[in-house]
Amino acid sequence: MKPTQPGRKAPETAFAKKAAALWPCAKGSLTWVRNRCGRPGCKRCASGEGHPALLYTFRKDGRQRAMSVRPELEGAMRKAIENGRALEALMVECGIATVRAGRARR
Ligand SMILES: [Zn+2]
């Protein structure tokens, strides 16, 4: 590791601090769906209302996946997804900084 200037944090230290502030984080999306239960004579299904369920959808190992989420976790999951987007933006800045640092060294 190259020495850092006094009073200036190493870039990885600054990154770790910013990334830690973005916990909890998640990548994916949150969607309300209306499930059909299949029970004959279900009034909710007959009316088209169905049975609302919250799904967290994401890609893992190249495949689209979904998990049901307890409704009381909706706010926390939305915040986590927002944090995840901020983390991705932070990683783009890391890429730009790495390319620029490489240019300056030549
Ligand atoms: Zn039903």
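This structure is a prediction, so every number in the text was calculated from the model and none was measured.

## Comments concerning the pairing of strand β3 (residues 63-69)
Here is step 1: Taking burial as the measure, the seven residues of β3 include zero buried ones, a minor fraction of the element.
Here is step 2: With seven bridges connecting them, strand β2 (residues 51-60) and β3 associate as antiparallel partners. Each bridged residue has a counterpart across the sheet, and for Phe-58 the counterpart in β3 is Arg-65.
Here is step 3: A loop of two residues connects β2 with β3, the two strands running antiparallel in sequence, and Asp-61 in this loop sits at a positive phi of about 55°.

## Observations regarding the packing of helix α1 (residues 11-20) against helix α3 (residues 74-105)
Here is step 1: At a closest axis distance of 11 Å, the pairing of α1 and α3 adopts a crossing angle of 170°. One finds that α1 runs roughly antiparallel with respect to α3. Across the interface between the two elements, Pro-11, Phe-15, Lys-18 and Ala-19 from α1 touch Leu-87, Leu-90, Cys-94 and Ala-97 from α3.
Here is step 2: The class makeup of the residues in the contact of α1 with α3 is seven nonpolar, no polar and one charged.

## As for the sheet that holds β2
Here is step 1: With antiparallel pairing, the three strands of this open sheet are ordered in space as β1-β2-β3. The strands lining the two open edges of the sheet, one partner per strand, are β1 (29-35) and β3. On average, adjacent strands in this sheet sit at an angle of 40° to one another, irrespective of strand direction.
Here is step 2: Against the sheet, α3 engages β1, β2 and β3, with an angle of about 140° to β1.

## Brief notes about unusual backbone geometry
Here is step 1: In this structure, Pro-24 follows Trp-23 across a cis peptide bond, with omega equal to 0°.
Here is step 2: Its location among the elements puts Pro-24 in the loop between α1 and β1.
Here is step 3: The backbone of Asp-61 shows a phi angle near 55°, a positive value even though the residue is not glycine.
Here is step 4: Turning to its location among the elements, Asp-61 is positioned in the loop between β2 and β3.
Here is step 5: C-beta crowding within 10 Å serves as the criterion here: with 5 such atoms nearby, Asp-61 is assigned to the exposed category.

## Digging into α3
Here is step 1: Taking 1.5 Å of rise per residue, 32 residues should cover 46 Å, and α3 covers 47 Å from first to last C-alpha, within 8% of that figure.
Here is step 2: Of all 32 residues that make up α3, zero are buried, and the element is exposed over most of its length.

## Describing the environment of Thr-98
Here is step 1: With respect to the helices and strands, the residue Thr-98 is situated in helix α3.
Here is step 2: Separated by 87 residues in sequence, Thr-98 and Pro-11 have C-alpha atoms that sit 9.7 Å apart.

## So, the environment of Asn-35
Here is step 1: Take Asn-35: it is sitting in strand β1.
Here is step 2: For the pair Asn-35 and Gly-50, spaced 15 residues apart in sequence, the C-alpha to C-alpha distance is 5.5 Å.
Here is step 3: For Asn-35, the contacting residues outside a window of four places in its chain are Gly-50, His-51 and Ala-53.

Parameters at a glance
Residues numbered from 1 in each chain as written. Predicted model: local features only at pLDDT ≥ 70, side-chain atom pairs only at ≥ 80, totals over all residues. Buried ≥ 20, exposed ≤ 12 C-beta atoms within 10 Å, placed from the backbone. Helix = DSSP H or I, 4+ residues; strand = E, 2+ residues; numbered from the N terminus. Pairing = 2+ DSSP bridges. Axes fitted to C-alpha atoms, helices over the stretch in contact; angles between N-to-C directions. Parallel < 35°, antiparallel > 145°, perpendicular 65-115°, else oblique. Contact = placed C-beta atoms within 7 Å. Nonpolar A, V, L, I, M, F, W, Y, C, P; charged D, E, K, R; others polar. Expected span 1.5 Å × (residues − 1).

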